[in-house]
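Observations on the three-dimensional arrangement
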Amino acid sequence: MLDRVLPPLTGAAMLLALWLVFMVVPTEAQMGVVQRIFYFHVAAAWAAFLCFFAVAAASAAYLWRGSARADRLALAAAEVGVLFCTLVLVTGPIWARPIWGVWWTWDPRLTMTVILWAIYAAYLMLRAFGGPDEAVARYAAVLGLVGTLDIPVIHVSVRLLQGMHPSVLADRGGQSGLADPRMRAALWVSSLAVLLLAGWLVALRARSERLGGEVAALRRLAEAREGGGT
Amino acid sequence: MRAALTILRKDLRIEWRTKESLSSFVVLGVLLLVVFTVAHDPTPAEAPALAPAVLWVTFVFTGILGIQRGFLLEREHDCLAGLLTAPVDPAAIYAGKLAANLILLGVLQAIVVPLIGLLFHVELGAVLPGLVLVLLLGTLGFAALATLFAAVAVRVRAREVMLPLLLLPLLVPVLVGGVKATQGVLAGGLAGAADALGVLVAFDVIFATAGWLLFPYVVRD
């Protein structure tokens, strides 16, 4: 069912978002045209966060019930989450270079994002090195849970870095940047579009994982038969 | 509880007889201190400002390798499988391992911290109680996570890379909290370190509990 609904919905929302961001929204007065990347930057950040929470929820479900479906969902959400987190880390500096004058600063939010990326990249490495093993699925679920438990603690701890200097990003989102209602509409639509895309990708990835498992099982069966025949 | 104490005694006895973890711990710790100092080449005036960062980075890297060593020993001759077949709650194994790791890390700190005071011209005597509190809190959080994931890392391929890869990003709060709390304590007392100590306490509570609850899932076969 999801396979039928998600692709056209995602496509329509994405086209609408592109139209809003590039044709409708006025160019931001101070930052100029580069501000338009904001609509996808923020949307990707939300998608990444939701994916990471989905990893935790699916990991908990897997440890509790042992359902293979939850395990595939955790893997799929982690991959898509790392993808969108990478997009956040790429679009951010493109905006920051003309506005801040540097590609990167160790602002708490930036630090937090790069640490999250590292946690879930390590999650994917663990699964890649471990292979399709039931024990590795359990290790990954433990990491998926611990990683999410760590998010609030990391969030508080990075605020200890360099005191509490004003966060440029927070000033921008609330009042000054999005005064125009068209800008708010564009942000909502592009976020919806990116979330739909993320959901679709997770569904596809989980399905390919399931099919991969089935193929491997069939191949083992076929080899066992051949081995028995000769 | 008795099982945890037995495992603690066993680990400490192995360590006492071989002195493998401890000797590699200490030599590596001292070596890292030297490397950091040489790489940064601080003037005597700026050296004290470096001390907290050097202390915690040295501790984290040395600790990761030391704790991994302890689990590799269990792997040889399938000792871990033996432990698990014993009629013992896996959570008790975690508690015993954690306690043993805490003691080893404490010995490491007792050697490395005075050396840092010496090499970086920091007067440690006056701030010792506060510093010990910070070290205890940081060590507990570090060991809680490291003990859990060492059990994971020894059982996958590329385990030498895997443990730091898993642990370093998760340990950021310990690193940041430890450095900031140490700076506060060195600058004048626990009051300046309150926020950072809060982070350390929260980390300890969350991950000691999480480790206790999740360790059985890691070792179950």
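Residues numbered from 1 in each chain as written. Chains lettered and ligands numbered in written order. Predicted model: local features only at pLDDT ≥ 70, side-chain atom pairs only at ≥ 80, totals over all residues.

**Focus: the overall build of chain B**
A count of helices and strands for chain B gives nine helices and zero strands. Taken from N to C terminus, the helices and strands of chain B fall in the order α-α-α-α-α-α-α-α-α. A compact globule built from 221 residues would reach a C-alpha radius of gyration of about 17 Å, and chain B, at 18 Å, matches this within 12%. With the principal axes as the frame, chain B shows a C-alpha extent of 55 × 30 × 30 Å. (Helix = DSSP H or I, 4+ residues; strand = E, 2+ residues; numbered from the N terminus. Rg over C-alpha atoms; globule rule 2.2 N^0.38 Å.)

**Section: the overall build of chain A**
Each helix and strand in chain A was counted, giving seven helices and zero strands. Of the regular secondary structure in chain A, the N- to C-terminal order runs α-α-α-α-α-α-α. Counting every position in chain A, which comprises 230 residues, the buried fraction comes to 37%. Within chain A, contacts between residues at least 6 apart in sequence are counted, and of these 80% link residues at least 24 apart. (Buried ≥ 20, exposed ≤ 12 C-beta atoms within 10 Å, placed from the backbone. Contact = placed C-beta atoms within 7 Å.)

**Some details on the interface of chain B and chain A**
Interfaces are often sized by the amount of accessible area the parts lose when they come together. Each side of the interface is counted separately: chain B has 25 residues, and chain A has 27 residues. For the side of chain B that touches chain A, the secondary-structure elements that each account for two or more residues are helix 7 (159-170), helix 8 (172-187) and helix 9 (194-219) of chain B. Its residues placed into classes, the side of chain B that touches chain A shows 20 nonpolar, one polar and four charged. (Nonpolar A, V, L, I, M, F, W, Y, C, P; charged D, E, K, R; others polar.)

**A word on helix 6 (residues 128-153) of chain B**
Over its 26 residues, helix 6 of chain B runs 35 Å from end to end, which matches the ideal 38 Å to within 8%, given 1.5 Å per residue. Within helix 6 of chain B, 21 of the 26 residues are buried, which leaves it mostly tucked inside the rest of the structure. (Expected span 1.5 Å × (residues − 1).)

**Digging into helix 1 (residues 2-24) of chain A**
Here helix 1 of chain A is 23 residues long and its end C-alpha atoms lie 31 Å apart, about the 33 Å a rise of 1.5 Å per residue gives. Considered for burial, the residues of helix 1 of chain A that qualify are Thr10(A), Ala17(A), Leu20(A) and Val21(A).

**A short note on the confidence of the model for chain A**
Residue and element names in this part refer to chain A. Residues at a pLDDT of 70 or more form 90% of chain A, whose mean pLDDT is 86. Of all secondary-structure elements in chain A, the lowest mean pLDDT belongs to helix 6 (residues 168-176), at 47, while helix 2 (residues 38-65) reaches the highest, 93. With pLDDT under 50 throughout, residues 163-169 is counted as low confidence; its partners more than four residues away or in other chains account for six contacts. Below a pLDDT of 50 lies the segment residues 172-176, which in the model reaches three contacts outside its immediate sequence neighbourhood of four places, other chains included. (pLDDT = per-residue confidence, 0-100.)

**Remarks on the nonpolar core**
By size, the foremost hydrophobic cluster in this structure holds 133 residues, and its most contacted members are Cys51(A), Ala74(A), Ala77(A), Leu145(B), Phe149(B) and Leu166(B). Residue contributions to this core peak at 16 residues, all from helix 6 of chain B. Contacts of Ala74(A), omitting those with residues within four sequence positions, involve Val55(A), Ala58(A), Ser59(A), Tyr62(A), Ala140(A), Ala141(A) and Gly144(A). (Core = buried A, V, L, I, M, F, W, Y, C linked by C-beta atoms within 7 Å.)

**Quick look at the confidence of the model for chain B**
Residues and elements named next belong to chain B. Residues with a pLDDT of 70 or more make up 100% of chain B, whose mean pLDDT is 86. Mean pLDDT values over the elements of chain B span from 77, in helix 4 (residues 79-85), up to 92, in helix 6. Both scores are available for the predicted complex, with the pTM at 0.88 and the ipTM at 0.88.

**Notes on the environment of Ala150(B)**
Residues and elements named next belong to chain B. Among the structural elements, alanine 150 can be located in helix 6. Expressed as a C-alpha distance, the spacing of alanine 150 and leucine 72, which sit 78 residues apart in the sequence, is 8.8 Å. Once residues within four sequence positions are removed from consideration, alanine 150 is found in contact with Ile67, Gln68, Phe71 and Leu163.

**Side note on the environment of Asp41(B)**
As for its placement among the helices and strands, Asp41(B) is situated in the loop between helix 2 (20-40) and helix 3 (47-75). Each C-alpha atom of the pair Asp41(B) and Leu12(B) lies 38 Å from the other, and the pair is 29 residues apart in sequence.

**Some details on the packing of helix 6 of chain B against helix 7 of chain B**
Residue and element names in this part refer to chain B. One can describe the packing of helix 6 onto helix 7 by two numbers: an axis separation of 9 Å at closest approach and a directional angle of 150 degrees. Judged on the interaxial angle alone, helix 7 and helix 6 are roughly antiparallel. Along this stretch, helix 6 crosses helix 7, giving a crossing that reads as right-handed. Here Leu145, Ala146, Phe149, Ala150 and Ala153 of helix 6 lie close against helix 7, whose contacting residues are Arg159, Met162, Leu163, Leu166, Leu167 and Leu170. The class makeup of the residues in the contact of helix 6 with helix 7 is 10 nonpolar, no polar and one charged. (Axes fitted to C-alpha atoms, helices over the stretch in contact; angles between N-to-C directions. Parallel < 35°, antiparallel > 145°, perpendicular 65-115°, else oblique. Left-handed = near helix turned anticlockwise from the far one by under 90°.)

**A short note on the packing of helix 2 of chain B against helix 3 of chain B**
All names here are of chain B. One can describe the packing of helix 2 onto helix 3 by two numbers: an axis separation of 9 Å at closest approach and a directional angle of 150 degrees. By the criterion of interaxial angle, the relationship of helix 2 to helix 3 is roughly antiparallel. Of the two possible hands of crossing, helix 2 and helix 3 adopt the one that is right-handed. Two secondary-structure elements touch here, helix 2 through Glu20, Ser21, Ser24, Phe25, Leu28, Gly29, Leu32, Leu33, Phe36 and His40 and helix 3 through Leu50, Val54, Thr58, Phe61, Thr62, Leu65, Gly66, Arg69 and Gly70. Grouping the constituent residues of the contact of helix 2 with helix 3 by class yields nine nonpolar, eight polar and two charged.

**Examining unusual backbone geometry**
All names here are of chain B. Positive phi, normally seen in glycine, also occurs at aspartate 41, with a value near 45 degrees. One non-glycine residue, histidine 121, adopts positive backbone phi at about 55 degrees. Relative to the assigned elements, histidine 121 resides in the loop between helix 5 (90-119) and helix 6. Note on histidine 121: 14 C-beta atoms within 10 Å, which makes it partly exposed.

**Describing the environment of Val218(B)**
With respect to the element layout, Val218(B) can be found in helix 9. We classify Val218(B) as buried; it has 21 C-beta atoms within 10 Å. Along the primary structure Val218(B) and Leu148(B) are separated by 70 residues, whereas in three dimensions their C-alpha atoms are 7.9 Å apart. Setting aside its immediate chain neighbours within four residues, Val218(B) contacts Arg138(A), Tyr139(A), Val142(A), Leu148(B), Ala151(B) and Val152(B).

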